[in-house]
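Residues per chain are reported as follows:
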Amino acid sequence: MHCPNCGTQAAAAQRFCRSCGLELQAIQQIVARQLSESKPARNQAAQRARSAWLFFGGAAVLFGGAGLLAVEKRFELGDLAGLLGQLMVFGGTLLMLYARLAPMLFPRTTSHHTSQPVSLPTADTTSKLALNAGVEPVSSVTEHTTRTLEPVAAKSGDLA
């Protein structure tokens, strides 16, 4: 996860951003709640798309079978072509019915929508973090700059 304020990489268990101090735990809860709410909508959209594919596939099989029956009657292709046409008409009709009735008869119960946000793991406090022994803090660039100004101040006082 990245801090939304400063963009610094943050661990999933961090409570605050180490760069800017923004509280990350509340943001993680908001993201988790948003993700849990968007899953049912995606599942419903996928189920509608599956039903549409089944319905139009069944319609294609049905009309293909009807066309085969029409050609068989006209050119007398034989009993096998007539049987195949009848099976296609019957199968296409069943596919179309299944596409329309399956969402009502067999609702998907795998996605559960909760109004409570998903709890995320809590982070350790910074007092429990490991200290890096042997690493000295970087000194400031402006440290000891006033020492270089002291002789100048003394000389300007002599001139007055």
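Further up the page is the structure itself.
Residues numbered from 1 in each chain as written. Predicted model: local features only at pLDDT ≥ 70, side-chain atom pairs only at ≥ 80, totals over all residues. Heavy atoms only, no water.

1. Section: the environment of Cys3
What counts, and what does not: Think of it this way: any DSSP run of H or I at least four residues long counts as a helix, any run of E at least two long counts as a strand, and we number them from the N terminus. Only protein chains enter the accessibility calculation, which uses a 1.4 Å probe; a residue whose area is less than 20% of its type maximum is buried, one above 50% is exposed, and one in between is partly exposed. By the convention used here, residues are in contact when the closest approach between their heavy atoms is within 4.5 Å.
Mapped onto the elements of the fold, Cys3 is located in the segment before helix H1 (25-75). What makes Cys3 buried here is its relative accessible area of 3%. Each C-alpha atom of the pair Cys3 and Ser19 lies 8.8 Å from the other, and the pair is 16 residues apart in sequence. If near-sequence neighbours (up to four positions away) are discounted, Cys3 is found in contact with Thr8, Cys17, Cys20, Leu22 and Leu24.

2. Comments concerning the state of the cysteines
Working definition: the covalent bond between the sulfur atoms of two cysteines is a disulfide. Here is the rule: Here, two cysteine sulfur atoms that lie within 2.5 Å of each other are counted as a disulfide.
Applying the stated criterion across every chain, the model contains zero disulfides. Left unpaired, Cys3 is separated from the closest cysteine sulfur, that of Cys20, by 3.7 Å. Not engaged in a disulfide, the cysteine Cys17 finds its nearest cysteine sulfur in Cys6; these two sulfurs lie 3.6 Å apart. Overall, Cys17 belongs to the buried group, its relative accessible area being 5%.

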